[in-house]
Amino acid sequence: LARLYGHVLPQLDSTIFQNDDDKAFFLKKELVPSSLVHRVHGSGVDMDNYPNSALPEGPLSCLMVTRLLAAKGVREYAAAAKQVKKLHPDVTFRLVGRAESGSASVSESEVEQWQSEGYIEYLGELNHVGETMKSCHLYILPSYYGEGVPRSVLEAMSMGRAVLTTDNIGCRDPVEHMESGLIVPPRDVEALKEAMLWFVEHPDKWQTMGEKGRQIVENRYDVRKVNQEIMTILGVLS
C-alpha cells in the first residue's frame, strides 16, 4: 500500500490531510512531496444542523455515537460505564450506532446484554443524532480507530457539549484538554472511568467546556470554512 501511495500521490496536484498525524506520517515516509501537502480541519460540521443548545437538567448524562466496531472503543465505554454506575447509579450512558458484521465488530447481542444488565442504554441507529445529543451533558468517543477527525465529536462540540476522547490520531485534534474536554490514553478502561468520574464531580465544568468546544468549532471546523479551504486548495477560489 505504501508503494502504491508513493507512486500515485506525487502525480497529483494536491494531497489533503484532515489531521497533523497523517500528514506527518506521509511526509516522514516520503510518500508525497511537501509542496503538494495541505491540511484542512476535518470534513467540518454544519453548525446550523447542530446548533448550540442548553444543557438538560439532572445528573450527568453521557452519549457515544459510533458504528459498533471494537476499535471505536465501544467495549471500553461499556466497561467504564459499568464501574461508574456502581458508584453513581443516577449517571446514564447511552449508545447510538448501527451494527456491523465481521470479526472487528461488537455484536448487537453483546450490546443488548449490557443494556439488560442496566449500565448501557442502546438506542440503535438514528438518522440524525441532534435531538439525542441535546439530552446529554458529555459526549464520549474512546476510539483507537484510524480516524480523520471524528464527525460526531465535531457535532457534539457544535452543540455545546464537553467531550471525553482518546489521545488517538484525529480524536485529539479538535479537543483542548481541560479546556473543552478531557483526553485519555486509548484502550485504558481505568483512565476512562476516572475521567467519567471527574465529570461527575465537576458539574460546573460541563457548560464552560461546552462553550469552549463551540468556540473551537466556530473558529476552525465550521463546514463553510472547511469547504472554502478545500476549494482554495483546488483552485476553485482564489
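Reading the values: rules and limits
- Residues numbered from 1 in each chain as written.
- Predicted model: local features only at pLDDT ≥ 70, side-chain atom pairs only at ≥ 80, totals over all residues.
- Heavy atoms only, no water.
- Phe/Tyr/Trp six-rings, centres within 6.5 Å; stacked < 30°, edge-to-face > 60°.
- Buried < 20%, exposed > 50% of the residue type's maximum accessible area, 1.4 Å probe, protein only.
- Helix = DSSP H or I, 4+ residues; strand = E, 2+ residues; numbered from the N terminus.
- Pairing = 2+ DSSP bridges.
- Right-handed = clockwise from strand over helix to strand, strands pointing away.
- Axes fitted to C-alpha atoms, helices over the stretch in contact; angles between N-to-C directions.
- Contact = heavy atoms within 4.5 Å.
- Polar contact = N/O pair within 3.5 Å; in protein donor to acceptor, adjacent residues only side chain to side chain.
- Salt bridge = Lys/Arg side-chain N within 4 Å of Asp/Glu carboxyl O.
- Core = buried A, V, L, I, M, F, W, Y, C linked by side-chain atoms within 4.5 Å.

Undergrad: Explain the packing of aromatic side chains to me, please; I cannot follow it from the model alone.
TA: Aromatic ring pairs: the centre-centre distance and the angle between the two ring planes describe each pair. Applying the stated rule across the entire model yields four aromatic pairs. Geometrically, the ring pair formed by F17 and F26 is tilted, given 5.1 Å between the ring centres and 55° between the ring planes. This pair shows no difference in class: F17 is buried, exactly as F26 is. Here W198 and F199 contribute two aromatic rings whose centre-to-centre distance is 5.1 Å and whose plane-to-plane angle is 90°, an arrangement assigned as edge-to-face.

Undergrad: What is the right way to read the pairing of strand β7 (residues 162-166) from this model?
TA: The side chains of a regular strand alternate, residue by residue, between the two faces of the sheet. Within β7, five of the five residues are buried, leaving the element largely enclosed by the surrounding structure. Here β7 shows a buried face lined by A162, L164 and T166 and a second buried face lined by V163 and T165. Summarising the sheet, strand β6 (residues 138-141) and β7 pair through four bridges and their orientation is parallel. Within β7, the residue paired with L138 across the bridge is A162. You can see the chain leave β6, run along helix α6 (residues 151-158) and come back into β7, and the turn it takes is right-handed. By the bridge criterion, four bridges tie β7 to strand β8 (residues 181-184) in an arrangement that is parallel. Its bridge partner being in β8, V163 is matched across the sheet by G181.

Undergrad: Help me understand the sheet that holds strand β4 (residues 92-96) in this model?
TA: Two orientations exist for strands paired in a sheet by backbone hydrogen bonds: parallel and antiparallel. Ordered by their spatial adjacency, six strands build an open sheet running β5-β4-β3-β6-β7-β8, and the pairing between neighbours is parallel. Taken across any chain shown, the strands that pair with only one partner, and hence form the sheet edges, are β5 (121-124) and β8. Sheet twist, expressed as the average angle between the axes of neighbouring strands with direction ignored, equals 20°. As paired strands, strand β3 (residues 61-65) and β4 are joined by five bridges and run parallel to one another. From the neighbouring strand, C62 faces β4, where its bridge partner is F93. Packed on one face of the sheet, helix α7 (residues 189-201) meets β4, β6, β7 and β8 and runs near 165° to β8.

Undergrad: Can you walk me through helix α9 (residues 223-233) in this structure?
TA: Three- or four-residue spacings in an α-helix give side chains the same orientation, since the helix completes a turn every 3.6 residues. The residue sitting at the N-terminus of α9 and contributing the capping side-chain oxygen is D222; that oxygen lies 3.0 Å from the backbone nitrogen of R224. G235 sits one or two residues past α9 and shows a positive phi near 85°.

Undergrad: Whenever I open this one, the pattern of salt bridges confuses me. Can you help?
TA: One side chain can pair with another of opposite charge once the charged atoms of both are near each other. Taken as a whole and judged by the stated rule, the model has 17 salt bridges. Its salt-bridge partner being E117, residue K82 comes within 3.9 Å of it at the nearest N-O pair. In this pair, K82 sits in helix α3 (residues 74-87) while E117 sits in the loop between α4 (108-116) and β5, placing the two residues 35 residues apart along the sequence. According to the relative accessible area criterion, E117 is partly exposed, its value standing at 43%. Ionic pairing is found between E194 and K193, a salt bridge with its closest N-O pair at 3.3 Å.

Undergrad: Sorry if this is basic, but what is going on with the nonpolar core here?
TA: Generally speaking, nonpolar side chains in soluble globular proteins are found buried as a group. L95, L164 and F199 are the most contacted members of the largest nonpolar core, which totals 60 residues. No other element matches the eight residues that α7 contributes to this core. In contact with L95, other than residues within four places in its own chain, are M64, T66, L68, V74, Y77, V111, W114, I120, E121, Y122, L123 and G124. Counting seven residues, the second-largest nonpolar core is a separate cluster that includes L9, F17, L36 and V37.

Undergrad: Would you mind going over the environment of E176 with me for this structure?
TA: Mapped onto the fold, E176 is located in the loop between β7 and β8. The exposure class assigned to E176 is partly exposed, which follows from its relative accessible area of 24%. Separated by 33 residues in sequence, E176 and M209 place their C-alpha atoms 9.3 Å apart. Those residues within four positions of E176 in sequence are excluded, and the remaining contacts are G181, K212, I216 and R220.

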